[in-house]
Every structure is written in structure tokens, then in C-alpha cells.
Amino acid sequence: MSYAIVGFGKIGQALAHAFARKNIDVTVASRQPPEALAPHARAIGPMVVAKSLRDALEADTIILAIPFGEHREVAKALPSWKGKTVIDATNAFGVLLEELDGLPSSAFVAKAFNGATFVKGFNHLSAATLATDPVVEGGHRVVFLSSDDEDATAPVAALAKQLGFAPVELGKLNEGGALVHARGRTWGKLIFQDVFKKEQ
Ligand SMILES: NC(=O)c1ccc[n+]([C@@H]2O[C@H](COP(=O)([O-])OP(=O)(O)OC[C@H]3O[C@@H](n4cnc5c(N)ncnc54)[C@H](OP(=O)(O)O)[C@@H]3O)[C@@H](O)[C@H]2O)c1
């Protein structure tokens, strides 16, 4: 398996730390040339290698750590996403629900990555928390995974475990996955309340 993180801001760097901590090779890319990212990548660890976006997309598994509104630009960089696994760490926080065609944000993003195996994950922790060692007081920090493809989550769960996290599979994007999606300006607790109200 080869891994790339697209987006080398707060979340991209937090994830790069997770890979470096476990000595797992990962490439990182953004719109900037690799030379601009290289010093920071090297400072995180020798396993973290900056590449151009095009070269980074040669990886089997690509983690999206870009602003939600940029996903189509990244999707356009490959003619086909067949055979790729895309892990969507983006949140559509602040995006109007009407702009998402009534879909959970990751289902909306997935439409642009036609043919890819698509999993939502690593999106619910703040970048500062995600960057720290997930082994805390003997326990493993949880990451939530959701996908509309039943077979897709197992390899991503295996990666999460390799990185030291405890993966929790939530099922489909519009079911359990909806609990960890930003909707407009609501998040987490408010979403749980919303689901709870609907069930009453
Ligand atoms: N920050 C958090 O605590 C947090 C927590 C959970 C989830 N998230 C989600 O994670 C995503 C990233 O958030 P962030 O806080 O890491 O943002 P950020 O610090 O602004 O970083 C975004 C990164 O994406 C790159 N980028 C932007 N457009 C791109 C494109 N078209 N192609 C390639 N790279 C591109 C940017 O680099 P260039 O501009 O140089 O290209 C930058 O490296 C967002 O969707 C956010 O909702 C954030």
C-alpha cells in the first residue's frame, strides 16, 4: 500500500505526524511545488516526502485534507479514480445544505471521485488533537469511519490501527456516518440531538 496526503495544512500535517510516528512512508502535496513543502515535510520525519500533486496521486490511498470547496479541483487531476482509495477527512463546515444536493457532505465529495473506493474518516478530531500520539493512558484515540461501500472500510480501519488509532465503523455515509458530518454550522452534539428528536 502506498499513501498520500493531499493538503499540507493543519490536518495534512497532523496526519503526516501520525505516519512519521509509525515509520510509514507517506507523500504529501498541495498546490505549492514540492520544494516549498519539503523542509516542513522533512522536519516531521524522513518518511514524509513532498511531491507534486500529480506524482502524489500515484499512491493507492489518498487522504483528502483540503478545504471542502477544493475537492473538485483535486478530483480533476486524475482522468480516472478507478483502483484508488480516497479517505475524506474534509468537513463541509459552514457550507449551506442547499449546496450539497441534499447529500451528506462526503457523498457529495464522492461524486467527484468517480470509480474510487471512498471512505469518510479522520475528520472529527481537531488538527491539534489529531497531531498528538493517539495512544493515551493505555487507550487508543478513536477515529470514525463510514462508507457506502461495505468492503471499503476494512483496509482503512487497518491503516487507522497501524497509525495507533482505534477505528470505529459507523456504516453508510447517510446513516451512522451522518453523526460525524458537519451540516451547515452544526456539528456533533447538535446532530445527535437532531437524530434523537426525529426518533421521538
Ligand atoms: N483544522 C481542523 O481542526 C480540522 C478538523 C477536522 C477536519 N478538518 C477539515 O480538514 C480539511 C483541511 O483543513 P485544514 O484546517 O487542514 O485546512 P488548511 O490548514 O487551510 O490546509 C488546507 C491545505 O489544502 C491545500 N490545498 C488547498 N486547495 C488545494 C488544491 N486544490 N489542491 C491541493 N491542495 C490544496 C492547501 O495548500 P495550498 O493552498 O498551498 O495549495 C493547504 O495545504 C478541511 O476540509 C477541514 O474542514 C479540519
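Only a predicted model underlies this, so the values are computations on that prediction, with no experimental measurement involved. (Residues numbered from 1 in each chain as written. Predicted model: local features only at pLDDT ≥ 70, side-chain atom pairs only at ≥ 80, totals over all residues. Heavy atoms only, no water.)

### What to know about the sheet that holds strand β10 (residues 166-169)
Our working definition: Strand pairing requires that DSSP identify at least two bridges connecting the strands. We count a stretch as a helix when DSSP gives it H or I for four or more residues in a row; a strand needs E for two or more, and each element gets its number in order from the N terminus. Axis angles are defined between N-to-C directions and span 0 to 180 degrees, where every axis is a line fitted to C-alpha atoms and, for a helix, only to the segment in contact. Every residue pair with non-hydrogen atoms within 4.5 Å of one another is taken to be in contact.
With mixed pairing, the 8 strands of this open sheet are ordered in space as β3-β2-β1-β4-β5-β6-β9-β10. The two strands at the open ends of the sheet, each matched to only one other strand, are β3 (48-50) and β10. Neighbour to neighbour, the strand axes of the sheet diverge by 25° on average, direction disregarded. Each of β2 (26-29) and β3 touches helix α2 (residues 34-44); the most contacted strand, β3, lies at about 170° to it.

### Section: the pairing of strand β5 (residues 85-88)
Regular strands place their side chains on alternate faces of the sheet. Selection criterion: Categorising residues by exposure relies on relative accessible area from a 1.4 Å probe, with only protein chains included: less than 20% of the type maximum marks a residue as buried, more than 50% marks it as exposed, and the intermediate range marks it as partly exposed. Crossovers are described as right-handed under a simple rule: with the strands pointing away from the observer, the path leading from the first strand over the helix to the second runs clockwise.
Burial along β5 is two-sided: T85 and I87 and V86 and D88, pointing in opposite directions, are all buried. Traced from strand β4 (residues 61-64) through helix α4 (residues 71-76) to β5, the parallel crossover comes out right-handed. Across 4 bridges, β5 lies against strand β6 (residues 117-121) in parallel orientation. Counted as the bridge partner of I87 is V119 from β6. As a crossover connection, the stretch from β5 through helix α5 (residues 105-112) into β6 is right-handed.

### Side note on unusual backbone geometry
With a phi close to 55°, N23 is a non-glycine residue in the positive phi region. Topologically, N23 is positioned in the loop between α1 (10-21) and β2. By relative accessible area, which is 55% here, N23 ends up exposed. Its identity is not glycine, yet F122 carries a phi of approximately 60°, on the positive side. When you line up the elements, F122 lands in the loop between β6 and α6 (127-130). By relative accessible area, F122 is classed as buried at 1%.

### Examining the site of the ligand
Which entries qualify depends on this criterion: Each residue is tested against the molecule or strand, and it is near if at least one of its non-hydrogen atoms lies within 4 Å. For this analysis, a polar contact is any N or O atom pair within 3.5 Å, provided that within protein one partner can donate a hydrogen and the other can accept it, and provided that sequence-adjacent residues contribute only side-chain to side-chain pairs. Under the convention used here, a 1.4 Å probe and the Shrake-Rupley method define accessible areas, while residue burial counts only the protein chains that appear. Residues are sorted three ways: Asp, Glu, Lys and Arg are charged, Ala, Val, Leu, Ile, Met, Phe, Trp, Tyr, Cys and Pro are nonpolar, and all the rest, Gly among them, are polar.
Among the 23 residues in the neighbourhood of the ligand, the closest are listed as F8, I11, R31, I66 and A127. Within the contact set of the ligand, an oxygen atom lies 2.7 Å away from a backbone nitrogen or oxygen of I11. Burial of the ligand by the protein chains amounts to 78% of its free accessible area of 890 Å². Of all elements in the fold, only α1 and α4 reach the threshold of two or more residues within the shell around the ligand. Considering only residue class, the shell around the ligand consists of 11 nonpolar, 8 polar and 4 charged.

No statement about biological role is implied by the geometric values presented.
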